[in-house]
Amino acid sequence: MPLILTEEQTMLKEAADGFLSENAPIAHLRGLRDSHDADGVSRDLWKAFGEMGFAGVIIPEEHGGSGLGAVEAGVVAEALGRTLTPSPFFGSGVLSAKVLVDGGSAEQQGAWLPRIAAGEAILSLAVDEGAKHRPSAIATTAERSGNGFKLNGAKGFVLDGHVADALIVAARSENGLTLFLVDPKTAGVAIERTVMVDAHNAARIVLTDVQVDADAVVGTVDGGEALLEGALNLGRACAAASLTGAGDQAFQITLEYLRTRKQFGKLIGEFQALQHRSAHLFTEIELARAAVIGALQRLDAGKDPAGLAVSVAKAKAGRVAELAVQEAVQMHGGVGMTDEFDVGLFMKRVRVLNELLGDAAFHSEKLARAQGY
Amino acid sequence: MTDLDAFRAETRAWLEANCPPEVRGPLDSDEDRVWGGRNATFKTPAHKVWMDRMGARGWTAPEWPKEYGGGGLSREEAKVLASEMRRIDAQMPLSSFGIWMLGPALLQFGTEEQKKRFLPEIVRGEIRWCQGYSEPGAGSDLAGVQTRAVDEGDHWIVNGQKVWTSYADKADWIFCLVRTDPDAPKHLGISFVLFDMTTPGVSTKPIVLISGKSPFCETFFDDVRVEKENLVGTLNRGWDVAKALLAHERTMIGGMGMIGGGRPMGQVAGDSVGVDADGRLDDPMLRARIAELEVDLMAFQLSMERVGDQVKAKQVSPAIASMLKYYGSELNKRRHELAMAAGGSDTLEWESDRSHKGGAARDWLRTKANSIEGGTSEIQLNIIAKHLLQLPGA
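Residues numbered from 1 in each chain as written. Chains lettered and ligands numbered in written order. Predicted model: local features only at pLDDT ≥ 70, side-chain atom pairs only at ≥ 80, totals over all residues.

Novice: Tell me what's going on with the overall build of chain B, and back it up with residues and numbers.
Specialist: Regarding its fold elements, chain B presents eleven helices and eight strands. Relative to its length of 394 residues, chain B is compact, with a C-alpha radius of gyration of 22 Å against a globular reference of 21 Å. Considering only C-alpha atoms, chain B reaches an extent of 75 × 45 × 45 Å along its principal axes. Evaluated residue by residue, chain B yields a buried proportion of 45% over its 394 residues. The long-range share in chain B, meaning contacts at least 24 apart out of those at least 6 apart in sequence, stands at 71%. (Helix = DSSP H or I, 4+ residues; strand = E, 2+ residues; numbered from the N terminus. Rg over C-alpha atoms; globule rule 2.2 N^0.38 Å. Buried ≥ 20, exposed ≤ 12 C-beta atoms within 10 Å, placed from the backbone. Contact = placed C-beta atoms within 7 Å.)

And the structure:
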């Protein structure tokens, strides 16, 4: 399959870019941030995302979604990276939707997938526990209790967890990992909103003797690892797409600056020192793009069971976006350091996306292990 | 089963039956490549068999039209062929400047007669070509070539000197930039001509490089007769042909580091560096650098494929070749630096049989030319800034 978007995918990209630049440009993020919005994310916008078919992009049509694949989810994620729009898309439309599509019971799917697709419900996947993404070291426990389980542990970096209508919690059960659908209002669930550096939101969640019924299990007891990994890999590939969108947008803004800013009586874009750095960055961004679409296509084709193409994409896109935002601030000079200019916002968003679902080091390590060294 | 699946099955069966065991597995050294030509040398007889079989099928140039000896495959079929060859670790049957550089330019600019005459013998590896581009006074500023072609009616008489002519001493024919109008602006007085290296007046002198090898020559033309029928494209507009060809050359050089396969570098490094109890390379810093390189190699592999798809879909400027050339050559240099670090003092032996006579070291040194030949990295960055980024004054 050619490593470029199909006609339909290009139309989706144009729709997503058009919708976001009209309805949720960077001013939208600034508005939420500067007004200290109670949620930090717009439910109205999420609803509109549902109407556009973006929220349920990977949800099957029989559950009200668009029935599309990873490439299309990546297209939406990249568009979100360009406008820095806070959206439950990652937590709900990608991670939680993927868990439910792959492993949810008919009841669970019927209860939640149509509402995610419509942009009515926000779900959050609670995986991380420490400061770094280490899904193999999940310590939250699920002990059998009554007709179900009792959950104990602490989660962090739970995307939009403070406004979630339901949580999907990954916990260690007797012989493996198990995923649970948890009502955030259940006794013993304590949620703290954490406003992040990029003015997007996450939550720290403490679970103290949280009692859930047996039918809260998503997938099978002790069988959560593969289910989780499938969702994480889609999430990682989408995060990589978003990194590419953010990195490229910061680059485009910088190119415009190079074409208009004058010093020494010349446009600064005439200086070879800046031309070469820009050309290098362009090249890196193209590589990231290729890695991302390659990973997304392989996910759709079921050709990346170990998630290695995904790891390459996340590592590469992360490092490249990091370079893009460093160069953006540096080439803008003093104004790049101001809150008024947007490039600093890209720097902050890229830092968060880099950390999300494993940074470049995590994914390079994974690749090294898989290659047998 | 789709047509592509059927093609894959047939291809796999054919390769199984026709790819000799001797040509499977990575090359020990760049020296083992098959280049074809009138004076072809082969590491083993099986290497000739492999070239001949693939050439007869047109699979040395899979996407060229069948009428010119090519494989006539679609891009998707060619990808299948490449992946099936990788699957069995098949070596490239034929390395050829004719296939990588001249052929695509002839397909674009050549007359029907030229295509019929030159392309099939390129596909079969019968004629080996070299490239007469750089001159002592025209390196990065290639359009400054001074080799002069004087019009003598039905032919030209060519005088001048080329340099860095890869394998000129082993090549049968040359594609060459000559100045046909010394009074025109420099880009508008150049023509692209072809001639036989055995023509009287042609001589070559190999240049010894830091690797101890001599892949490049100085090439001298002393009253060399060139027939007018061997002009490619329009008189005095050879720069257009030259540029198109350079795009192919750059794509080729960019891809040089990607040929091979075999064990991942991190595993190979384990042979010399050792591994810890968990099977990790026993040098965490080197291991991290190798893993980082592998990420870039895989991303670059996809990028090459993607650029091909973009070119096919006419979504991108030909200047995109500069991106592949720049990144690929820098990546290949990095790869060989790491290979030397991984091999430690074992790879420093210059003459021993243990080291294949310094094979790794000589290959490492050879890669330093990658970011110079075909236009330096700095020239590629200039081209990207000007043609792909439209930066002012570039």
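Let us keep going from here.
Novice: Can you break down the overall build of chain A residue by residue, with the values?
Specialist: Check the secondary structure of chain A and you find eleven helices and ten strands. For 373 residues, the compact-globule formula gives about 21 Å, and the C-alpha radius of gyration of chain A, at 21 Å, lands near that figure. Across its three principal axes, chain A shows a C-alpha extent of roughly 80 × 50 × 40 Å. Considering chain A as a whole, with its 373 residues, one finds that 58% of them fall into the buried category. Long-range contacts, defined as pairs at least 24 residues apart, comprise 75% of the intrachain contacts of chain A with a sequence gap of at least 6.

Novice: Before we move on, could you go through the interface of chain B and chain A and cite the residues and values that matter?
Specialist: Taken residue by residue, the interface counts 35 residues in chain B and 32 residues in chain A. Looking at the side of chain B that touches chain A, the elements with two or more residues in it are α7 (265–273), α8 (284–312), α9 (320–343) and α11 (377–388) of chain B. With 14 residues, the single largest contributor to the side of chain B that touches chain A is α8(B). By residue class, the composition of the side of chain B that touches chain A is 21 nonpolar, seven polar and seven charged. (Nonpolar A, V, L, I, M, F, W, Y, C, P; charged D, E, K, R; others polar.)

Novice: Summarise the domain arrangement of chain A; cite the residues concerned and give the values.
Specialist: Residues and elements named next belong to chain A. Entries for chain A in the domain assignment read domain 1 (7–121), domain 2 (125–221) and domain 3 (225–370). Computed over C-alpha atoms only, the centres of domain 1 and domain 3 are separated by 21 Å. Facing the 21 residues of domain 1 at the interface are 24 residues of domain 3. Broken down by secondary-structure element, the contributors of at least two residues to the side of domain 1 that touches domain 3 are α2 (26–34), α4 (70–83) and α5 (89–103). Looking at which element gives the most residues to the side of domain 1 that touches domain 3, the answer is α4, with ten residues. (Domains from an automatic or database assignment.)

Novice: How would you summarise the packing of helix α9 (residues 308–332) of chain A against α8(B) if you had to cite specific residues and measurements?
Specialist: Orientation of α9(A) relative to α8(B), taken along the N-to-C sense of each, is 100 degrees, at an axis distance of 9 Å. Here α8(B) runs roughly perpendicular to α9(A), going by the angle between their axes. Side by side, α9(A) and α8(B) meet where Val312(A), Ala315(A) and Lys316(A) of the first sit next to Val295(B), Met298(B) and Ala299(B) of the second. Residues belonging to the contact of α9(A) with α8(B) are distributed by class as follows: five nonpolar, no polar and one charged. (Axes fitted to C-alpha atoms, helices over the stretch in contact; angles between N-to-C directions. Parallel < 35°, antiparallel > 145°, perpendicular 65-115°, else oblique.)

Novice: Run through the environment of Leu80(A), naming residues and quoting values.
Specialist: Residues and elements named next belong to chain A. Structurally, Leu80 can be placed in helix α4. The exposure class of Leu80 is buried, given the 24 C-beta atoms found within 10 Å. Residue contacts for Leu80: discarding those within four places in its chain leaves Leu20, Thr85, Ser87, Phe89, Ser242 and Gly245.

Novice: Account for the domain arrangement of chain B, naming residues and giving values.
Specialist: How big an interface is tends to be stated in terms of the accessible area lost upon association of its parts. All names here are of chain B. On domain assignment, one finds that chain B holds domain 1 (3–95), domain 2 (129–236) and domain 3 (255–388). Its C-alpha centre places domain 1 at a distance of 23 Å from the equivalent point of domain 3. Tallying the contact residues gives nine residues for domain 1 and ten residues for domain 3. Looking at the side of domain 1 that touches domain 3 residue by residue, the classes come out as two nonpolar, two polar and five charged.

Novice: Account for the nonpolar core, naming residues and giving values.
Specialist: Membership of the largest hydrophobic core comes to 233 residues, with the highest contact counts inside it found for Phe180(A), Ala237(A), Ala291(A), Val292(A) and Ala295(A). For this core, the leading source of residues is helix α7 (residues 224–260) of chain A, giving 16 residues. Setting aside residues up to four positions removed in sequence, Ala291(A) forms contacts with Val312(A), Ala313(A), Lys316(A), Ala317(A), Ala299(B) and Leu302(B). (Core = buried A, V, L, I, M, F, W, Y, C linked by C-beta atoms within 7 Å.)

Novice: Which residues make up unusual backbone geometry, and what values go with them?
Specialist: The backbone phi angle of His36(A) is positive, close to 50 degrees, even though this residue is not glycine. By the element assignment, His36(A) lies in the loop between α2 and α3 (43–51). Residue classification places His36(A) among the exposed positions, given that 8 C-beta atoms sit within 10 Å. A positive phi angle, close to 50 degrees, is found at Gln390(B), a residue other than glycine. Looking at the secondary structure, you find Gln390(B) in the segment after α11. With 11 C-beta atoms counted inside 10 Å, the residue Gln390(B) sits in the exposed group.

Novice: How would you sum up the pairing of strand β5 (residues 190–196) of chain B? Please name residues and give values.
Specialist: Residue and element names in this part refer to chain B. Burial runs high along β5: six of the seven residues are buried. Pairing analysis gives seven bridges linking strand β4 (residues 173–179) to β5, with the strands arranged antiparallel. Following the sheet pairing, Trp173 is matched in β5 by Asp196. The pairing of β5 with strand β8 (residues 231–232) spans two bridges and is antiparallel. Across the sheet, the residue bridging to Phe192 is Val232, located in β8. (Pairing = 2+ DSSP bridges.)

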